[in-house]
Amino acid sequence: MAFYFLNIALFGIKYWAGIVSNSVALLADAWHTLSDSVSSLAVLLGLKVSNIPADKKHPFGHGRAELIASLVVGILLAIVGFNFLGESILKFKERAVFNYGPVAIWVTVVSVIIKEVMARYSITIGKKIKSNSLKADGWHHRSDAISSIVILVGIFAGGRFWWADSVLGILVSLMIFYTTYTIMRETISILLGENIEPEMEQKIVELGETINGNVFLDPHSFKMHHYGHHSELVFHISLPGIYSLSKAHEIASEYELRIEKEYAIEVTIHVDAIDGIKPLKN
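Thresholds, definitions, all that
Residues numbered from 1 in each chain as written. Predicted model: local features only at pLDDT ≥ 70, side-chain atom pairs only at ≥ 80, totals over all residues. Heavy atoms only, no water. Salt bridge = Lys/Arg side-chain N within 4 Å of Asp/Glu carboxyl O. Helix = DSSP H or I, 4+ residues; strand = E, 2+ residues; numbered from the N terminus. Buried < 20%, exposed > 50% of the residue type's maximum accessible area, 1.4 Å probe, protein only. Contact = heavy atoms within 4.5 Å. pLDDT = per-residue confidence, 0-100. Phe/Tyr/Trp six-rings, centres within 6.5 Å; stacked < 30°, edge-to-face > 60°. Core = buried A, V, L, I, M, F, W, Y, C linked by side-chain atoms within 4.5 Å. Arc of directions from axis to C-beta.

Caption draft 1: Spotlight on the pattern of salt bridges. For the structure on display, the rule yields three salt bridges. Residues Glu116 and Arg120 are paired through a salt bridge, measuring 2.9 Å at the closest nitrogen-oxygen approach. Separated by four residues within a single helix, Glu116 and Arg120 lie in helix α4 (residues 102-129), roughly one turn from each other. A salt bridge links Glu116 to Arg142; its shortest N-O distance comes to 2.7 Å. Here Glu116, found in helix α4, pairs with Arg142, found in helix α5 (residues 132-157); they are 26 residues apart in sequence, far enough to count as distant. If you follow the salt bridges from partner to partner, you end up with Glu116, Arg120 and Arg142 in one network.

Caption draft 2: Focus on the side chain of Thr108. Within the fold, Thr108 resides in helix α4. By relative accessible area, which is 2% here, Thr108 ends up buried. Thr108 has contacts with Leu26, Ser148, Ile151, Leu152 and Ile155, leaving out every residue within four places of it along the chain.

Caption draft 3: Spotlight on the confidence of the model for the protein chain. Overall, the prediction assigns the protein chain a mean pLDDT of 80, with 91% of residues at 70 or greater. Ranking the elements of the protein chain by mean pLDDT puts helix α2 (residues 24-50) last, at 74, and helix α8 (residues 245-263) first, at 93. Low pLDDT, under 50, characterises residues 278-282; the predicted model gives this stretch eleven contacts beyond four residues in sequence or across chains.

Caption draft 4: View of the packing of aromatic side chains. Counted according to the given criterion, the structure contains four aromatic pairs. Taken together, a centroid distance of 4.9 Å and an interplanar angle of 25° make the contact between Phe222 and Phe235 stacked. Of this pair, Phe222 sits in strand β1 (residues 220-227) while Phe235 sits in strand β2 (residues 230-240), placing them 13 residues apart in sequence. By the ring-pair criterion, three or more aromatic residues cluster together here, those being Phe222, Phe235 and Tyr255.

Caption draft 5: Molecular detail of the nonpolar core. With 22 residues, the main nonpolar core has Leu26, Phe84, Tyr100, Ile151 and Ile155 as its most contacted residues. Elements supplying a minimum of two residues to this core: α2, α3 (65-94), α4, α5 and α6 (164-192). Once residues within four sequence positions are removed from consideration, Ile151 is found in contact with Ala25, Leu26, Asp29, Thr108, Leu168 and Val172. In terms of nonpolar packing, the next biggest core, distinct from the first, is built from 20 residues, Ile196, Ile204, Phe235 and Leu239 among them.

Caption draft 6: Representation of helix α7 (residues 198-207) within the structure. Among the residues of α7, those classed as buried are Met200, Ile204, Val205 and Leu207. The buried side chains of α7 occupy one side of the element, clustering within an arc of 160° when seen end-on. Away from its buried face by more than 90 degrees, α7 exposes Pro198 and Glu199. Buried residues in α7 make contact with β1, β2 and α8.

Printed below as a string of structure tokens:
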């Protein structure tokens, strides 16, 4: 919650500096910061909901609430970006006059420092607890810091070019769009479902090599589902049709336990019956 109130304070200071300077770039940066406070609140709510245990209506838990929070962050960024892209283009057409001064410089410098500290903290903790929404929020903070650096550069060069503020506003908007893209791409990919990495697939094949003698189980059709901190892997193996149901169940269960121990995920194996005996693996 400390970040929430800090972002509100930064928004107020930046907005005041933008009004004083008549700078669309500073105003865009201010609203970018305000969206940080809203996104931080969304992330906190998403994390809180994602920790609610599974129930009858939600047997897979509530982990995807965190992904929904990431989508909220992305949507808020897109709205801010579109708003100030249009405003910057309008200012450029009107050849609007701006007046950067000492206030704009100091406000921007302080913003860069604070936002980068917030970004590093959020990204570090997000990686530690494997939280996509917290990492997304950290990159949101960093994009704000980067946009402030761009504005700071423009402040020192702005006196030479009448169009500097409008162009800076457009650059800030484009950076916001890029951050939106990176957040939405990762989040939507997880929601749609992803295949497992080749290294993980190879390791799973190796884990099954000694379960049924040296008969190749032919693991295939891998599907991974993520529910926040909870992940489930589903795939098929092939066993001779002459095997009893008990033997097939024993093999599949042993295979599941080995993978769950290795990767701390839930595993479900579907057994395909084949005619004859599966050839030995060379």
